[in-house]
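Listed below, chain by chain, are the residues.
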Amino acid sequence: MRHGQTWLNREGLAQGWSDSPLTVSWAPTAQTIGKNLAARDGRLTAAYSADMVRHFQTATGILQGARSSLTVTRDERLREVAFGGFEGSPGTTMWDAAAGALGYSSMGAALAAGASIFQLVDAIPSVNPYPADTVAEKSAPVAARMLAALEDIVSSAAHGPNAKILVVSSGLSISCLLSFWGQADRLPPTGLGNGAVNQLTYSRGSWTVDTVNDLSYTS
């Protein structure tokens, strides 16, 4: 699932590998998600998150709401896409710059013309204002590190069969993985919502995407 709303989300700033905590008003929602997960899907057997505070706070709140004694294991491979020197700047600045690299006047013009969000992501490194000092990632490597993290998680013998595992990541990184699995047409135009649950099933070495952007757990 995607983490909850952060201070930077609220201000419309590019976040990526930078970080900020959950907003005060959103923190209780994580507990609501946990309560609903426990009621609808049963007891969680493991919990993972990216290594940033926003992911850890979200996962911890969910476990509290589910009345679970599990601890959260952090994995940096579950981070958001790195946006390089655009991090901390208005998101519109970054996306419009990426659109310009593709020959469009703005992000809106690019999307209206049929460009995908992943094409825009892949253009960000070419317009990174501080390439010598910051990392900006393309979508394919992000999908690869996300998949590697999930494969390692499900291969752990400690979880056993029929495990129910919570994994908290970020919106674009989850979207990159879903697109890799051919699920791009199921993604909402405005991106995955804060707290959106995306249920995956892993069986006999294969992944199935059961639900995408389910926000019903937040209330």
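Residues numbered from 1 in each chain as written. Predicted model: local features only at pLDDT ≥ 70, side-chain atom pairs only at ≥ 80, totals over all residues. Heavy atoms only, no water.

1. Examining the sheet that holds strand S2 (residues 73–74)
Applied cut-off: Strands qualify as paired when DSSP identifies two bridges or more between them. Secondary structure is summarised from DSSP: a helix means a run of H or I of at least four residues, a strand means a run of E of at least two, and numbering begins at the N terminus for each. What makes two residues a contact is simply this: any of their non-hydrogen atoms within 4.5 Å. As a rule, the C-alpha atoms of each element are fitted with a line to give its axis, helices using only the stretch in contact, and angles between N-to-C directions run from 0 to 180 degrees.
Spatial strand order, S2-S1-S3: 3 strands in an open sheet with parallel pairing. The two strands at the open ends of the sheet, each matched to only one other strand, are S2 and strand S3 (165–168). In this structure, strand S1 (residues 46–49) lies alongside S2, joined through 2 bridges in parallel fashion. Bridge assignment links tyrosine 48 to a residue of S2, and that residue is threonine 73. In the packing of helix H3 (residues 53–65) onto the sheet, contacts are made with S1, S2 and S3, and the angle to S3 comes to roughly 150°.

2. Some points on the packing of helix H6 (residues 117–127) against helix H8 (residues 171–180)
What counts is decided by this rule: Roughly parallel here means an angle under 35 degrees, roughly antiparallel means over 145, roughly perpendicular means 65 to 115, and every remaining angle is called oblique. Each crossing gets its hand from how the near helix is turned against the far one by less than a right angle, where anticlockwise is left-handed and clockwise is right-handed. Three classes are used, and their members are as follows: Ala, Val, Leu, Ile, Met, Phe, Trp, Tyr, Cys and Pro are nonpolar, Asp, Glu, Lys and Arg are charged, and the others, Gly among them, are polar.
The geometry of H6 relative to H8 is characterised by a closest axis approach of 11 Å and an angle of 120° between their N-to-C directions. What the angle tells us is that H6 and H8 run oblique. The crossing of H6 and H8 is left-handed. Between H6 and H8, the contacting residues are Ile117, Phe118 and Val121 on the first element and Leu172, Ser175, Cys176 and Ser179 on the second. For the contact of H6 with H8, the residue count by class is 5 nonpolar, 2 polar and no charged.

3. Considering the packing of aromatic side chains
For any pair of aromatic rings, the description rests on two quantities: the centre-to-centre distance and the angle between the ring planes. Stated precisely, the cut-off is as follows: What counts as a ring pair is set by centres within 6.5 Å for rings of Phe, Tyr and Trp (its six-membered ring), and what kind of pair is set by the plane angle: stacked under 30 degrees, edge-to-face over 60, tilted for all other angles. By definition here, charges over rings are those cases where NZ of Lys or CZ of Arg is within 6 Å of the ring centre and within 35 degrees of the ring normal.
In total, this model carries 3 aromatic pairs according to the counting rule given. Ring centres of tyrosine 202 and tryptophan 207 lie 4.7 Å apart, and the angle between their planes is 55°; on these two criteria the pair is classed as tilted. The ring of phenylalanine 56 carries arginine 74 above its face, with NZ or CZ at 3.9 Å from the centroid.

4. A word on the environment of isoleucine 33
For isoleucine 33, the location among the structural elements is in helix H2 (residues 27–41). In this structure the C-alpha to C-alpha distance between isoleucine 33 and leucine 215, which are 182 residues apart in sequence, comes to 9.2 Å.

5. Side note on the pattern of salt bridges
Here is the rule we go by: Just to be clear on terms, a salt bridge is a Lys or Arg side-chain nitrogen sitting within 4 Å of an Asp or Glu carboxyl oxygen. Type-normalised accessible area, obtained with a 1.4 Å probe on protein chains alone, sets the label of each residue: buried when under 20%, exposed when over 50%, and partly exposed for intermediate values.
Across all of its chains, the model carries 5 salt bridges by this definition. Salt-bridge contacts for aspartate 19 lead to arginine 54; the nearest nitrogen and oxygen are separated by 3.0 Å. Of this pair, aspartate 19 sits in the loop between helix H1 (7–11) and H2 while arginine 54 sits in helix H3; the two residues are 35 residues apart in sequence, bridging distant segments of the chain. Residue classification places aspartate 19 among the partly exposed positions, given a relative accessible area of 30%. Of the charged contacts, one joins arginine 79 and aspartate 51 as a salt bridge, the two residues approaching to 2.9 Å between their closest N and O atoms. Of this pair, arginine 79 sits in the loop between S2 and helix H4 (91–101) while aspartate 51 sits in the loop between S1 and H3, placing them 28 residues apart in sequence. Counted as one network, the salt bridges with shared partners bring together Asp75, Arg77 and Asp152.

6. Focus on the packing of H4 against H6
Contact pair H4 / H6: the axes reach a minimum separation of 8 Å and the direction vectors enclose 90°. Between H4 and H6, the angle falls in the class roughly perpendicular. Along the contact surface, H4 presents Met94, Trp95, Ala97, Ala98, Ala99 and Ala101, while H6 presents Ile117, Leu120, Val121, Ala123, Ile124, Ser126 and Val127. Of the residues that constitute the contact of H4 with H6, the class distribution is 12 nonpolar, 1 polar and no charged.

7. Some words on the nonpolar core
Selection rule: We define a nonpolar core as any set of buried Ala, Val, Leu, Ile, Met, Phe, Trp, Tyr and Cys residues linked to one another through side-chain atoms lying within 4.5 Å.
Counting 37 residues, the largest nonpolar core has Leu78, Val81, Phe83, Met94, Trp95 and Ile124 as the members making the most contacts within it. Going through the elements one at a time, S1, H4, H6, helix H7 (139–155), H8 and strand S5 (206–209) are the ones with two or more residues in this core. Here the element with the most residues in this core is H7; it accounts for 7 residues. Contact partners of tryptophan 95, with chain neighbours within four places excluded, come to Met107, Ile117, Leu120, Val121, Ile124 and Leu172.

8. Some details on the pairing of S1
The condition is simple: A right-handed crossover is one whose linking path, passing over the helix from the first strand to the second, runs clockwise when the strands point away from the viewer.
Residues of S1 alternate between two faces, with Ala46 and Tyr48 on one and Ala47 and Ser49 on the opposite face, all of them buried. Where S1 and S3 come together, 4 bridges link them in parallel fashion. Along S3, the bridge assignment pairs alanine 47 with leucine 166. Note that the unit made of S1, H3 and S2 has a crossover that is right-handed.

9. Concerning H3
Rules: In this scheme, a helix's expected span is set at 1.5 Å multiplied by one less than its residue total.
Its 13 residues give H3 an end-to-end C-alpha distance of 18 Å, which sits within 8% of 18 Å, the value for a rise of 1.5 Å per residue. Of the positions making up H3, those classed as buried are Arg54, His55, Thr58, Ala59, Gly61, Ile62, Leu63 and Gly65. Positive backbone phi, at 55°, marks arginine 67, one or two positions downstream of H3.

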